[in-house]
Amino acid sequence: MKLNSIVATGAAWAGIIAAASAGEITGKITLSGTPPPEPQLEAKTQMLQADLYCGKKSSGPQNRVFQVGAGGELGQVVVRLVDNVPANASALSEPVVLDQKNCEYIPYVTAIQTGQKLLVRNSDEALHNVNIAPRVDGNKPSNKAQMAKAADIEYVFPNAEDFLPLKCDVHRWMFAYVVVQPHPFFAVSAADGSFTIKNVPDGKYKVEALHRRGGKVVKDVEVKGGKAQVNFELTAPAAK
Amino acid sequence: MTRSDNNPWLLRFAAFVAFNTLLLIGLGGLVTSKEAGMAVPDWPTTYGQNMFLFPPSLWQGGVLYEHTHRLFASWVGLLTVALGIWTHFCESRRWIRRLAFLAILLVILQGVLGGMRVVLLKAQIGIIHAGLAQSFLALLCVLTLGMTRFWRSLTPSGAPAAARRMLVVAVAMVFLQLLIGATMRHEHAGLAIPDFPLAYGKLWPATDAAALQRINLSHPDVAVTAGQIHLHMFHRLWAVALLFVSFWMTRRIFLAAGPRSPLGKGILVWQGLLVLQALLGASTVWTGRAADITTLHVVVGAVCLSFTVILTAVAFRLCQPGISTRASISTSGRHQPEVAIVEAEEAGVAR
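Residues numbered from 1 in each chain as written. Chains lettered and ligands numbered in written order. Predicted model: local features only at pLDDT ≥ 70, side-chain atom pairs only at ≥ 80, totals over all residues. Heavy atoms only, no water.

### Considerations on the packing of helix H6 (residues 161–186) of chain B against helix H10 (residues 291–317) of chain B
Angle between the axes and distance between the axes: these two values describe a pair of packed helices.
Residue and element names in this part refer to chain B.
Moving on, step 1. As a packed pair, H6 and H10 sit with axes 9 Å apart at the nearest point and diverge in direction by 160°. What the angle tells us is that H6 and H10 run roughly antiparallel. Once H6 is placed against H10, the crossing between them reads as left-handed. Within the contact between the two elements, H6 uses Arg-164, Leu-167, Val-168, Ala-170, Val-171, Val-174, Phe-175, Leu-178 and Arg-185 and H10 uses Thr-294, Val-298, Gly-301, Cys-304, Leu-305, Thr-308, Val-309, Leu-311, Thr-312, Ala-315 and Phe-316. (Axes fitted to C-alpha atoms, helices over the stretch in contact; angles between N-to-C directions. Helix = DSSP H or I, 4+ residues; strand = E, 2+ residues; numbered from the N terminus. Parallel < 35°, antiparallel > 145°, perpendicular 65-115°, else oblique. Left-handed = near helix turned anticlockwise from the far one by under 90°. Contact = heavy atoms within 4.5 Å.)

### Some remarks on the interface of chain A and chain B
Moving on, step 1. Facing 31 residues of chain A, the contacting portion of chain B comprises 26 residues.
Moving on, step 2. Taken together, the two surfaces of chain A and chain B that pack against each other cover about 2,300 Å², and 56% of this comes from carbon and sulfur.
Moving on, step 3. Linking chain A to chain B there are 1 salt bridge.
Moving on, step 4. Among the ionic pairs, Asp-221 of chain B bridges to Lys-44 of chain A, the shortest N-O distance being 2.7 Å.
Moving on, step 5. Elements with a contribution of two residues or more to the side of chain A that touches chain B: strand E7 (128–132), strand E8 (142–146) and strand E11 (175–181) of chain A.
Moving on, step 6. Ranked by the residues each element gives to the side of chain A that touches chain B, the list is headed by E8 of chain A, at 5 residues.
Moving on, step 7. Across the side of chain A that touches chain B, the residue classes break down as 15 nonpolar, 7 polar and 9 charged. (Buried area = accessible area lost by both parts, 1.4 Å probe. Salt bridge = Lys/Arg side-chain N within 4 Å of Asp/Glu carboxyl O. Nonpolar A, V, L, I, M, F, W, Y, C, P; charged D, E, K, R; others polar.)

### Observations concerning the packing of helix H1 (residues 8–33) of chain B against H10 of chain B
Residues and elements named next belong to chain B.
Moving on, step 1. Running from N to C, H1 and H10 point in directions that differ by 140°, and their axes come no closer than 8 Å. As summarised for this structure, H1 and H10 are arranged oblique, according to the angle between their axes. Seen along the crossing, H1 lies across H10 with a hand that is right-handed. Here H1 contributes Leu-22, Ile-25, Gly-26, Gly-29, Leu-30 and Ser-33 to the contact with H10, which in turn contributes Ala-291, Thr-294, Thr-295, Val-298, Val-299, Ala-302 and Val-303.
Moving on, step 2. Taken together, the residues of the contact of H1 with H10 sort by class into 8 nonpolar, 5 polar and no charged.

Keep in mind these numbers describe shape, not what the thing actually does.
Shown next as structure tokens:
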């Protein structure tokens, strides 16, 4: 018993020391070129506005696929280590919340670690169904009902998968995507394009910036003295 | 209760059940057109409640279509059971009583399949559900046809054997096309190709990675795959093949059966239905899969199959067992005068 507590205390201290000495990779994502308009946006907006509840909550049409700021800042880009990933990193234990608010999924793109809890919330006064259709074996498909303000639905995905889709068939404009990562070294860029990958030990890495429809860019990064900065520029795909 | 082969009210009721089934197929088609098939995730309950007591205030968005489909399906199930019981007590012909009993089994199976598709999240079950719906309607149509005075008045006057064979092939071809269409709808391949008669401006679209990336810029939510594009192309090609074969069959059967025969008149109606269905298919693409046009395409598809089956039944009725025919259709398609019926001469049975 005594030995166990010593081991546990030692492990906790080791974790704290490792976290304290671990650095972070920060940077910004921008998009060059003009992103294509979101197809079917008008039709989706019409459907949304025709809905008795959601129509009142609508904030108007938005391009959710390419969320670009005035200076080309690109949100919803998953940034992650893809090479030389540190082993024995602590798994992320804090659940991630994906909310259904005003008949939209917020956020549109989420990233979690394998085994980490994803809580799907319904903040609306309307009912939703949460239809999950993974393409990777082991991640179970499911379709669950969620009444207005009902308890969160909890999901855990055992295998890595890029852009696992969630949708609501009650409100068929509602889509969201979850990137499931096998390690905790990732981030999703904010609306201003900024991102921070935390707890990365010093070392050399390959970092990938991945956008659902904007492709990906990989760069070499060295974390030195607990810090590294890298910016990515993705290119807007040419319209047809 | 005495059994008879002449039950006018039973006939009307059977036609009513068949009509309701067609409406149900339309509602089911609308559910898929509106992509609302999974809007109610549980079965036989609806959002955990008894489906018959589910409050109308919660029939929101996709729930409206799916829940209405379920309620109407229950209504058709009830009608089918009533038809089966009524037929059992009043119809004298065993084959019709058997068809009515089979209809009860099929409607139960159909309901269970619909529920399983929702609960097990299997699109493949949805395809079977769609195919069985079309078959169920065809069965009800034949059952109704069998109760009509028209059917009883049909005397074995000798349908060309080749016509019967052609119509059997036609049933198979139409049914296969409906299954391909159902697969396309349940695999979300309906708009995998947005133009017609070309496909992405070509006779055969490219499906390499670069082409798919370009194509998917127009599909923000769910990516189009090469498999979906090929499935869509197969549906188009089979439609073209079916049209060509149907024109050939129509010409030959019409010339062989004659313009006054039921078969001759029926085959022209059948041809018209197939052309209408092809136009609706093209319109489905041109309108960006508008729900009303797409659903009408499903309904007319069901009518096409049922009508093909009815024609086939008539062709077989016109040539009952025990009556052999030398009926044939010449390569020119002209009716051979001697092909009228030669009853049992070869078999040595007196006419």
